[in-house]
Amino acid sequence: MRHIISVILEDEAGALSRVAGLFTQRGFNIESLTVAQTNDPTLSRMTIVSSGSERVLEQIVKQLNKLIEVVKVSDLTSQDHVERELMLAKISSTMKEGVDLKELVEIFGCKVVDVKDKIYTIEVSGKTKKINAFLDAIEPSNIIEISRTGVTGISRGKKLI
Amino acid sequence: MELNGAEILIDCLQKEGVDHVFGYPGGAVLHIYDAIEAQDKITHVLVRHEQGAAHGADGYARASGKPGVVLVTSGPGITNAVTGIATAHMDSIPMVVISGQVPSPLIGMDAFQEVDATGITRSCVKHNFLVRDISEIASTVKKAFHIATTGRPGPVVIDIPKDITIEKMEQEEYPESIEIRSYKPTTKPSNRQIRKAAELILKSKKPIIYAGGGCVIGNASEKLREFTRMLEFPITQTLMGLGAYPMTDKQSLGMLGMHGTYEANMAMHGSDCVVAIGARFDDRITGNLEKFCPTAKFIHIDIDPSQISKNVVADIPIVGQTKQVLKALIDELEDKNYENISKWWKQIEDWRKVDSLAYSKSPGVIKPQSVIEALYEVTEGKAIVTSDVGQHQMWAAQYYPFDEPRQWINSGGLGTMGFGLPAAMGAKLAMPEKDIACVTGEGSIQMMLQELSTMLQYDTPVKIINLNNGYLGMVRQWQEFFYEKRYAMSYMDALPDFIKLSESYGHMGIKIEKEEDLKPALIEAFSQKDRTVFLDILTDPSENVFPMIPAGGAHCDMLLAGRDEMVSKDETDFNAV
Ligand SMILES: Cc1ncc(C[n+]2csc(CCOP(=O)(O)OP(=O)(O)O)c2C)c(N)n1
Ligand SMILES: [Mg+2]
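Treat the numbers as computed from the prediction; the structure is a model and nothing was measured.

### What about the confidence of the model for chain B?
All names here are of chain B.
No. 1: Looking at chain B as a whole, its pLDDT mean stands at 96, while 98% of the residues score no less than 70.
No. 2: pLDDT under 50 marks residues 569-577. Its contacts with residues more than four places away, or in other chains, come to 18 contacts.
No. 3: Across the interfaces of the predicted complex, the ipTM metric reaches 0.92, alongside a pTM of 0.96.

Okay, structure coming up:
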């Protein structure tokens, strides 16, 4: 099953490679990993999307907790949470017949943020599913390149990580 | 007072109470060596190879319970130490390793003797640091010792660029204690879990205590004795736990696992309640996980939550220090009525009668098992025994019943050949009053022979018991059983004359070829209180380690010595042998 794991860790050089190293060392899989500073500049927050059985997930959480620089680990999947991913996609303007890029942008509630050489850069954000759906709606040959951030997530309401 | 970084570092080590540092100099640590030379509180042991430094510090730590300290230079210095660091990591040994690094401005430039020390060691340390500023030295040392010695102990590497060791700053007070917000190991167990465990223990009819290295490292031996005797439960110990409970005691079933005793493995297989204490269900213990302890419920006590339910799902997990958890369990179980387990004991006694450690002697050859038995006799069971890795290691574990924790020192997790000799040296430095025996093989000993020279310089007399079977015996045994006797590269031709070799290092050597010379030679060796004696004992090259659970087998599938067929029982038929 797919899990979203939030990790609060010391904002120190080497902390990221410790987490990444742990995943390869123990054969855990990573679908995506995002990391940036939090509102406390001494801490970073990492969001990891991984999949595996409950046993594997339990190990991932425990092994992450064991890293000295990790302050807190939480599996968001089991909680009420919000998740988002952002994609920048460069789409060629010559679209499939009957498909209007502007219409698509409207349907998916995304934004055209740039155009150059008849290539549009579109910003799409939302759940991973929505981003995939957007890509599915476009002829693959029209997709010039994409860059995705990977998922970030947060729990709802008063509950903190 | 203004001190340079090197002086601050040494001052910190002194304040940590370090009395021995095992190390080897080089460019990146010359300032540190200069600071060592200027003081006399810390003895620096100049090894002959950095792996020897790490194993030496490791042996020192295992024998004393104090953290071992290593000092090596950048590049090849730290890479040579990696095997020793990984060895300590696998067995949760507290150790602080200081490695020199090229000067800060050169980091990343492929400078002379530069390696990414924190990168290389990342996966085999508990934690590591790269010091970036002189003002961080003291707090980093404090953190390193704190992390290495608390929770589940382990090695910590501090990598210090050379420029930082010569920079100067006003000396600051060394912190008494340190808070690390992201590191707070649990010590005390949850009361609820203790109560649940007690309930299960009280109900069990076929209980067994399975004690591991965590009982030794966690200094829980005394509580383990109290607990085991109070409940009158049978107890088996892992290779790393030997001695935590006296092995000569009637409740002790000996070691379990791949080369464990028949009674220990059968009792595990038949148990309805396994109390695992500071043990981690390693694959050498469990054998085939699917067939492991088919009828048992598991209480799993460990300080490291990630060990619990990793290999075997625990019914009652308890996170905490082994000592604290045992104390809580004793308090909870005192004055309670336990199930009568005399039927279980009777069953165990029957298994014991199989006498799975029996071996047959043959005239003209020395059986390795009898060497260990003679060693036990001559040292009255009181020596600290270190070992290398191979058949000799298993025989030492099987035939020298350890009664005290920290008496048995071996590389269990990583299985590092070459560990035994430097570990013996470290143990002798930690425990100068004790007799130290290093049980080794002609293969293993050649991996760290150079430390014989260090041992002369620092006057660390140990007795080397070389079970010389002319083979990489453990490899040969597997090839005999599982590769139709194709002995690929397990025979070593052109062995050195170990007697001349030890004499050339300034030690004594005795060659033993006949059984009747064995005991007198051992007596002679141990009477040489202040000399290292190398006993080169020619043992039966064809001897195998039994009992043995072949890979993939269950605990009830054991090969026993002198019996052609596997003693394989299914769960319903354990009584018959
Ligand atoms: C550094 C290292 N290399 C290889 C091995 C694999 N290995 C395990 S036991 C063994 C043979 C050891 O031979 P010896 O020291 O003569 O002991 P014996 O088994 O003959 O008693 C080998 C090669 C190891 N454990 N460690
Ligand atoms: Mg051998």
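### Looking at the interface of chain A and chain B
No. 1: If you look at the interface, chain A gives 18 residues, while chain B gives 21 residues.
No. 2: At the boundary of chain A with chain B, total buried surface from both sides reaches about 1,600 Å², with 45% on carbon and sulfur atoms.
No. 3: Three residues stand out in chain A for area buried against chain B, namely Arg18(A), Arg55(A) and Ile68(A), and they jointly supply 41% of the buried area on that side.
No. 4: Summed over the shared surface of chain A and chain B, the result is 3 salt bridges.
No. 5: Between Glu10(A) and Arg181(B) there is a salt bridge, with its nearest N and O atoms 2.7 Å apart.

### Notes on the coordination of the magnesium ion (ligand 2)
All names here are of chain B.
No. 1: Donor atoms from the polypeptide that coordinate the magnesium ion (ligand 2) comprise Glu442 (OE), Glu442 (OE), Asn469 (OD1) and Tyr471 (O), at 2.1 to 2.5 Å from the metal.
No. 2: Mapped onto the polypeptide sequence, the residues donating to the magnesium ion (ligand 2) form the spacing pattern E-x26-N-x1-Y. Of the two residues, Glu442 is situated in the loop between β17 (436-441) and α18 (451-457) and Tyr471 in the loop between β18 (463-468) and α19 (473-482); the sequence distance between them amounts to 29 residues.

### Quick notes on the sheet that holds strand β13 (residues 297-302) of chain B
All names here are of chain B.
No. 1: What the 6 strands build is an open sheet, ordered β11-β10-β9-β12-β13-β14; its pairing is parallel. A strand with exactly one partner marks an edge of an open sheet, and here the two such strands are β11 (252-255) and β14 (316-319). Adjacent strand axes in the sheet meet at a mean angle of 15° when their direction is disregarded.
No. 2: Across 5 bridges, the pairing between strand β9 (residues 207-211) and strand β12 (residues 273-277) is parallel. Bridged to Ile208 within β12 is Val274.

### Some remarks on the packing of aromatic side chains
No. 1: Enumeration according to the criterion identifies 18 aromatic pairs over all chains in this entry.
No. 2: Here the basic side chain of Arg476(B) rests over the ring of Tyr471(B), its NZ or CZ set 5.7 Å away from the ring centre.

### Digging into the site of ligand 1
Residue and element names in this part refer to chain B.
No. 1: Not every one of the 17 residues close to ligand 1 is listed here, only the nearest: Gln391, Gly415, Ser444, Tyr471 and Gly473.
No. 2: Taking Gln391, its main chain carries an N or O atom lying 2.8 Å from an oxygen atom of ligand 1.
No. 3: Contact between ligand 1 and Tyr471: an oxygen atom at 2.8 Å from a main-chain N or O atom of the residue.
No. 4: A total of 580 Å² of accessible area belongs to ligand 1 in isolation, and the protein chains cover 76% of it.
No. 5: Looking at the shell around ligand 1, the elements that each hand over two or more residues are α16 (391-399) and α19.
No. 6: When residues in the shell around ligand 1 are grouped by element, the largest group, 3 residues, is from α19.
No. 7: Partitioned by chemical class, the residues of the shell around ligand 1 number 7 nonpolar, 9 polar and 1 charged.

### A word on the pattern of salt bridges
No. 1: Enumeration according to the criterion identifies 33 salt bridges over all chains in this entry.
No. 2: We note a salt bridge from Asp331(B) to Lys327(B), for which the minimum N-O separation is 3.6 Å. Of this pair, Asp331(B) and Lys327(B) both sit in helix α13 (residues 322-333), 4 residues apart, roughly one helical turn.
No. 3: Note that Lys361(B) and Glu515(B) form a salt bridge whose closest N and O atoms lie 3.7 Å from each other. Placement of the pair is Lys361(B) in the loop between α14 (342-353) and α15 (368-378) and Glu515(B) in helix α21 (residues 515-527), with a sequence separation of 154 residues.
No. 4: Since its relative accessible area comes to 51%, Lys361(B) is described here as exposed.
No. 5: Glu515(B) sits in the partly exposed class, given a relative accessible area of 31%.
No. 6: Salt bridges sharing partners connect three or more residues here, namely Arg2(A), Glu31(A) and Glu83(A).

Calculation rules
- Residues numbered from 1 in each chain as written.
- Chains lettered and ligands numbered in written order.
- Predicted model: local features only at pLDDT ≥ 70, side-chain atom pairs only at ≥ 80, totals over all residues.
- Heavy atoms only, no water.
- pLDDT = per-residue confidence, 0-100.
- Contact = heavy atoms within 4.5 Å.
- Buried area = accessible area lost by both parts, 1.4 Å probe.
- Salt bridge = Lys/Arg side-chain N within 4 Å of Asp/Glu carboxyl O.
- Donors = N, O, S within 2.8 Å, 3.2 Å for Na, K, Ca; no water.
- Helix = DSSP H or I, 4+ residues; strand = E, 2+ residues; numbered from the N terminus.
- Pairing = 2+ DSSP bridges.
- Axes fitted to C-alpha atoms, helices over the stretch in contact; angles between N-to-C directions.
- Phe/Tyr/Trp six-rings, centres within 6.5 Å; stacked < 30°, edge-to-face > 60°.
- Lys NZ or Arg CZ within 6 Å of the ring centre and 35° of its normal.
- Near = heavy atom within 4 Å.
- Polar contact = N/O pair within 3.5 Å; in protein donor to acceptor, adjacent residues only side chain to side chain.
- Areas by Shrake-Rupley, 256 points an atom, 1.4 Å probe, with all protein chains shown as cover.
- Nonpolar A, V, L, I, M, F, W, Y, C, P; charged D, E, K, R; others polar.
- Buried < 20%, exposed > 50% of the residue type's maximum accessible area, 1.4 Å probe, protein only.

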